[in-house]
Amino acid sequence: MGTASSSTARDMMVSLDRDDGDHGHPAGIVRSARDGPRVGFGDLARVLAGGKYHAPPGSPPNPLMTPRNLRSLVSVGVLLLALAFALPWTFRATGCLGGAAETCYGTALDACAATFPCKNRGVPFLTVEGACACDCPAPFVGAQCTAEASCPCAANDPGNPRISCLPLSTVYTPLLAAANNDTALLALGLDKRGLALAMTLAQIACRDQAILVNVNVNQRALQLAGSRGERRLLWAKLVVARHMQLSGNYNASRELAVRFADLLGRSVSNAPLSTANITGSILAADPGAVNPGVAQVIVGRIVYDLGTEKISYLPLAELPGPAKAAVEARVPQSQQATFNVLASIATAMSGLRSGFLNLYWTQRLELPLSALDAFRAKLASKSIMVPFDATFPDGGNKANTMARPMGEIHAARASFGSPFCTFMFVGDFQALNAVESATFRVPAFPDQAAARTNCGQRPTYGVLNLLDLRTGSYATEPTQQALVVANATRYRATFSAASLLPRAGNTADDSAATASAERVGVWGALDHVLVEYLMLSRNDSALRTVLAAVTRDEPALVPVADTPPLPAVQIWGGVSTGKGAANAADVDYLVVGLSSRVGESGGVKPDLFFGTSTGQVIRNWAKEMGGKEIRWARDARVGQSVLDPADKESDRAAFEAVWNDAKNLKVTTAEAIWDQLKPKVS
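Residues numbered from 1 in each chain as written. Predicted model: local features only at pLDDT ≥ 70, side-chain atom pairs only at ≥ 80, totals over all residues. Heavy atoms only, no water.

## Notes on helix 5 (residues 172-180)
Buried residues of helix 5: Y172, L175, L176 and A179, and no others. Mapping the buried residues of helix 5 onto a view down its axis gives an arc of 95°, with all of them on the same face. The outward face of helix 5, more than 90 degrees from its buried face, is lined by the exposed residues T173 and P174. (Buried < 20%, exposed > 50% of the residue type's maximum accessible area, 1.4 Å probe, protein only. Helix = DSSP H or I, 4+ residues; strand = E, 2+ residues; numbered from the N terminus. Arc of directions from axis to C-beta.)

Here's what the structure looks like:
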């Protein structure tokens, strides 16, 4: 028995193929008495050095004992050894050791976000020394991703390793420079970063990027056309690039360039160019003298008029059923045409950006399209809130003890209307007036008096409560009260990714510079708004958490700084809140925070609202609206609230007792009030 075993072991020894003959082997470190040979330290060294081996004659080969496998085994061992040193060093450098190391490491990252924020969607991480650092996406570089790389995509050198620095061909540099010097061309909205993102998501090769905007025209004709011809050709190229930026569809954008080239090269001597009877190519025609429709290309519902150098949108024959009924019933006749125009533009833009939304969702966020479908479906179940600050004094002067709080002013009216209906600082009025004029394509008000008189012509401002906040906004905002309006209100509303309202008291607000009707949507045509909403977030990981929470109807417990703002809503025809149930059909219920607005301490100690005289005004207002309930909450993101009035008589009595204690200053903090109200939480 022992002899057989020894013989078997001898037969299974590994011999290496050496030029100088066979040598003996030291004791093995890899041994298999049954399935294969063993390898000694010397054998292992020779294998790692690239030597070959073969089993001795009569020995069964072991397919696993190959040089490649042994080298892989050692590589894994080295990696594990490196991690064993590196990870504890990282945790030690940040003071994170022991069982709570992971939590501590996360806390250290949060501290980095405050003291060393990564810009332009950079991802923060800690170095092995415990320092804050940023992983920057293309084309951004620098410690905090604030600078753009200077190495562009090389159209004629696809093998250039520097291509990844800036995925945009140099052919666009002169186009963008020319647009910056022309107000009309600048208004097209072509953006280098947006175009680079579209090219990257669509995975367009550099050589294809360069030919996208090729609009081939006869060079002799271009010379004869002079400056007008050069500008019209530039307009055509910028429009093609803009179409790519917004749609992410290379083929459709390239086809647009081909059709432009066809129009520019076509003889139009027999076409009714203008009353001036211009003959020859459209290339040389004065845009102001060309009749609309002479040289246009229609893509989807967008009309690109090469003759007039204008972009327009096909009008809707009529609004979809629910929207048509809601608009005709509630929106003033003078404003229905405005809403119809906005709906036509929204339908065209939503269709244009739908493909880009799919690309961004799958390529950038790395989420399946089924999740996008689920997200869209959830939008219909999210409520619309109209936030307001009940304690803000009329006239904006907190020192004026005679000033009525805005809660009283709102409660005395039959409708919650436009911001123009109430007091506005001069800077806020000017900013909002400019934004609304550009966004809704309406004439600006000449002054505040005219705005207040005609404020019913403008919409009421609200938010789409995607994150199911329990108060009108986050705790850092003063608007801790809100009306939650009926679901049907959305059919007469426009939507935008961010609020159109200016920042309070900021006369230098530049929102009007980017205001555009192309950026607002209507219910059923929101893909372009969703694209902009997703792109507002600089933290993709936090955004994925938010999107998953929306789909599951759960609170998105991520830092407010990493949470996109709630999409904005503009309700046309106002929100009816008048006396009596019949006139308050637009309001479902109210949400109110125990605290009202940020206090004088800069947000550390909010002012208490529960138990105050203004709080009682809001309670009375709810009763006058046909007995609408109020849902009191301690915090916007705590998924609990207390009903007022409560369903049971005993609960109502208990609520009033807590209210009176707060009124008489027996309880003076939101925490103490909530502790007493918690048994009545719903």
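From this point, the narrative continues.
## Let's talk about the confidence of the model for the protein
Taken as a whole, the protein shows an average pLDDT of 79; of its residues, 74% reach a score of 70 or greater. In this model residues 1-37 is a low-confidence stretch, pLDDT under 50, and it forms 63 contacts with partners more than four residues away in sequence or in other chains. Per-residue pLDDT stays below 50 along residues 85-94; that stretch engages in 18 contacts with residues further than four places along the chain or on separate chains. (pLDDT = per-residue confidence, 0-100. Contact = heavy atoms within 4.5 Å.)

## Notes on the sheet that holds strand 12 (residues 302-305)
Ordered by their spatial adjacency, three strands build an open sheet running 11-12-13, and the pairing between neighbours is antiparallel. Looking at which strands have only one partner, the edges of the open sheet turn out to be strand 11 (296-299) and strand 13 (310-313). Averaged over all pairs of adjacent strands, the angle between strand axes in this sheet comes to 20°, irrespective of strand direction. When strand 11 meets strand 12, the two strands line up antiparallel, connected through four bridges. (Pairing = 2+ DSSP bridges. Axes fitted to C-alpha atoms, helices over the stretch in contact; angles between N-to-C directions.)

## Some words on the state of the cysteines
Simply put, disulfide is the name for a covalent bond between the sulfur atoms of two cysteines. Enumeration according to the criterion identifies three disulfides in this entry. At a sulfur-sulfur separation of 2.0 Å, the disulfide partner of C112 is C132. Every disulfide takes its handedness from the sign of the S-S torsion; for C112 and C132 that torsion is -80°, giving left-handed. Residue C112 is found in helix 4 (residues 101-115), and its partner C132 is found in strand 6 (residues 132-135); the two are separated by 20 residues along the sequence. A relative accessible area of 3% places C112 in the buried class. By relative accessible area, which is 26% here, C132 ends up partly exposed. Each sulfur of the disulfide joining C421 and C455 lies 2.0 Å from the other. (Disulfide = S-S within 2.5 Å.)

## Digging into the pattern of salt bridges
When charged atoms on two side chains of opposite charge get close, those side chains can pair. On inspection of all chains with the given rule, the structure shows 20 salt bridges. As a salt-bridge pair, E436 and R458 come within 2.8 Å of each other at their nearest N and O atoms. Here R458 lies in the loop between helix 16 (448-453) and strand 16 (460-464) and E436 lies in helix 15 (residues 426-440), a separation of 22 residues in the sequence. A relative accessible area of 4% places R458 in the buried class. Between R619 and E656 there is a salt bridge, with its nearest N and O atoms 2.5 Å apart. Residue R619 is found in helix 20 (residues 613-624), and its partner E656 is found in helix 21 (residues 649-663); the two are separated by 37 residues along the sequence. Given the relative accessible area of 31%, E656 is considered partly exposed. (Salt bridge = Lys/Arg side-chain N within 4 Å of Asp/Glu carboxyl O.)

## Topic: the sheet that holds strand 24 (residues 642-644)
The nine strands lie next to each other as 19-18-20-16-14-17-22-23-24, forming an open sheet whose pairing is mixed. Only two strands of the sheet have a single neighbouring strand rather than two, namely strand 19 (521-522) and strand 24. Of the strand pairs in this sheet, strand 17 (residues 481-485) and strand 22 (residues 587-593) are connected by five bridges, and their pairing is antiparallel. Within strand 22, the position partnered with V484 by the bridge is Y589.

## Topic: the nonpolar core
One finds Y172, F260, L483 and F610 to be the most contacted residues of the largest nonpolar core, which totals 150 residues. With 13 residues, helix 12 (residues 333-364) is the largest single contributor of residues to this core. Non-local contacts of Y172, meaning those with residues more than four positions away in its chain, are made with L195, M199, Q209, L212, V213 and A241. (Core = buried A, V, L, I, M, F, W, Y, C linked by side-chain atoms within 4.5 Å.)

## Considering empty space enclosed by the protein
Under the criterion given, the structure shown has three cavities of 30 Å³ or more. Approximately 60 Å³ is the volume attributed to the largest cavity. Considering every element that reaches the lining of the largest cavity, the biggest residue donor is helix 18 (residues 527-535), with three residues. Split into classes, the residues belonging to the lining of the largest cavity amount to nine nonpolar, no polar and no charged. (1 Å grid on protein atoms, 1.4 Å probe; cavity = no way out; pocket = protein on both sides within 12 Å on 5 of 7 lines; lining within 4 Å. Points joined across faces, edges and corners; volume = space filled by probe spheres on them. Nonpolar A, V, L, I, M, F, W, Y, C, P; charged D, E, K, R; others polar.)

## Some points on helix 15
Three or four residues apart is the spacing at which side chains of an α-helix point the same way, because the helix has 3.6 residues per turn. Helix length check: helix 15, at 15 residues, gives a terminal C-alpha distance of 21 Å against a target of 21 Å (1.5 Å per residue), a fit within 8%. For helix 15, every residue scored as buried is listed here: G427, D428, F429, A431, L432, N433, V435, E436, T439 and F440. Just downstream of helix 15 lies R441, where phi reads positive at about 55°. (Expected span 1.5 Å × (residues − 1).)

## So, the packing of helix 21 against helix 22 (residues 670-677)
Helix-helix packing: each pair is described by the crossing angle between the helix axes and the interaxial distance. Interhelical geometry of helix 21 versus helix 22 gives an angle of 165° and a closest axis separation of 10 Å. Between helix 21 and helix 22, the angle falls in the class roughly antiparallel. In this structure, helix 21 crosses over helix 22, and the sense of that crossing is right-handed. Of the residues in helix 22, those touching helix 21 at F655, V658, D661 and A662 are I673, Q676 and L677. In terms of residue class, the contact of helix 21 with helix 22 is built from five nonpolar, one polar and one charged. (Parallel < 35°, antiparallel > 145°, perpendicular 65-115°, else oblique. Left-handed = near helix turned anticlockwise from the far one by under 90°.)

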